[in-house]
Amino acid sequence: MQLNDVHRGITKHRNRKRIGRGPGSGTGKTSGRGHKGHKSRSGYSRKPNFQGGAMPMFRRIPKRGFNNKWSVTVFAVNVSRLNEAFNDGETVTLESLSAKNLAKGTFDEVKILGDGEISKKLTVQAHRFSKSAEEKITAAGGTIEKIAPKRTPDERVADLKNAKA
């Protein structure tokens, strides 16, 4: 291959193909559509899931269960992780959890679980607490502050209806 072969056959401003202009043009008569069939008709459009008349893949595959679009994604953090990451007397907030890489990804609410031990006096702010987590935090001398959820289930349903409209 030579350097002058790189752009051979490539034209920047190619003229459009003029179809249906007689047999001498090369695209006369059937205008490049062939003979008969669905594709040869005017107004033809194929659905993106059309598979040549065969049963489409999305209808062949069995469906199981359903996806709950109203569900709340809850991120769980154990008490032992709080004990490791925070110092005595600190306040545990959503921002501090994400800053210390304890709460990653996207979620709606944070729940504190009671797995492990806690020995530090912490003020913990979260949406939900398990009973054992509440007992362990208060036994260590800490306090619990429940945060209201971002959106109620009714607001979630309203948001989905507005998105569809």
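Everything below is about the structure printed above this text.
Residues numbered from 1 in each chain as written. Predicted model: local features only at pLDDT ≥ 70, side-chain atom pairs only at ≥ 80, totals over all residues. Heavy atoms only, no water.

Once that is clear, we can look at the overall build of the chain. Within the chain, the secondary structure is distributed over five helices and six strands. The helix and strand sequence of the chain, counted from the amino end, reads α-β-α-β-α-β-β-β-α-β-α. Against the globule reference of 15 Å for 165 residues, the chain gives a C-alpha radius of gyration of 32 Å, more extended than a compact globule. Taking the principal axes of its C-alpha atoms as reference, the chain extends roughly 95 × 50 × 30 Å. Sorting the 165 residues of the chain into buried and exposed places 20% on the buried side. Considering only residue pairs separated by 6 or more positions, the chain has 44% of its internal contacts joining residues 24 or more positions apart. When the accessible surface of the chain is totalled, it reaches about 12900 Å², and 51% of it is carbon and sulfur. Between the averaged position of the 34 positive side-chain charges in the chain and that of its 15 negative side-chain charges there is a distance of 29 Å. (Helix = DSSP H or I, 4+ residues; strand = E, 2+ residues; numbered from the N terminus. Rg over C-alpha atoms; globule rule 2.2 N^0.38 Å. Buried < 20%, exposed > 50% of the residue type's maximum accessible area, 1.4 Å probe, protein only. Contact = heavy atoms within 4.5 Å. Areas by Shrake-Rupley, 256 points an atom, 1.4 Å probe, with all protein chains shown as cover. Lys, Arg positive; Asp, Glu negative; His and termini not counted. Charge placed at Lys NZ, Arg CZ, Asp CG, Glu CD.)

Our focus in this paragraph is the sheet that holds strand 5 (residues 128-129). Strand order in this open sheet of three strands is 1-3-5, and the pairing throughout is parallel. In the strand order of this sheet, the two ends are held by strand 1 (74-78) and strand 5, each with one partner. Pairing of strand 1 with strand 3 (residues 109-113) involves five bridges; the strand directions are parallel. The residue bridging Val74 from the neighbouring strand is Glu109, located in strand 3. (Pairing = 2+ DSSP bridges.)

This part is about the nonpolar core. One finds Leu82, Phe86, Val92, Leu97, Ile112, Leu122 and Val124 to be the most contacted residues of the largest nonpolar core, which totals 17 residues. Looking at this core, the elements with two or more residues in it are helix 2 (79-85), strand 3, strand 4 (123-126) and helix 4 (131-139). Discounting chain neighbours no more than four positions away, the residues touching Leu97 are Val77, Leu82, Phe86, Val92, Leu102, Ala103 and Val110. (Core = buried A, V, L, I, M, F, W, Y, C linked by side-chain atoms within 4.5 Å.)

You can see Glu145 is positioned in strand 6 (residues 143-146). For Glu145, a relative accessible area of 35% translates into the label partly exposed. Leave out the neighbours within four places in its chain, and Glu145 touches Thr123, Val124, Gln125, Ala126 and Phe129. A distance of 2.7 Å separates the side chain of Glu145 from the side chain of Gln125, its partner in a polar contact. (Polar contact = N/O pair within 3.5 Å; in protein donor to acceptor, adjacent residues only side chain to side chain.)

So, on to the side chain of Thr27. Turning to its location among the elements, Thr27 is positioned in the segment before helix 1 (57-60). When neighbours within four sequence positions are excluded, Thr27 is seen to be in contact with Lys17, Arg18, Ile19, Gly20, Arg21 and Gly22.

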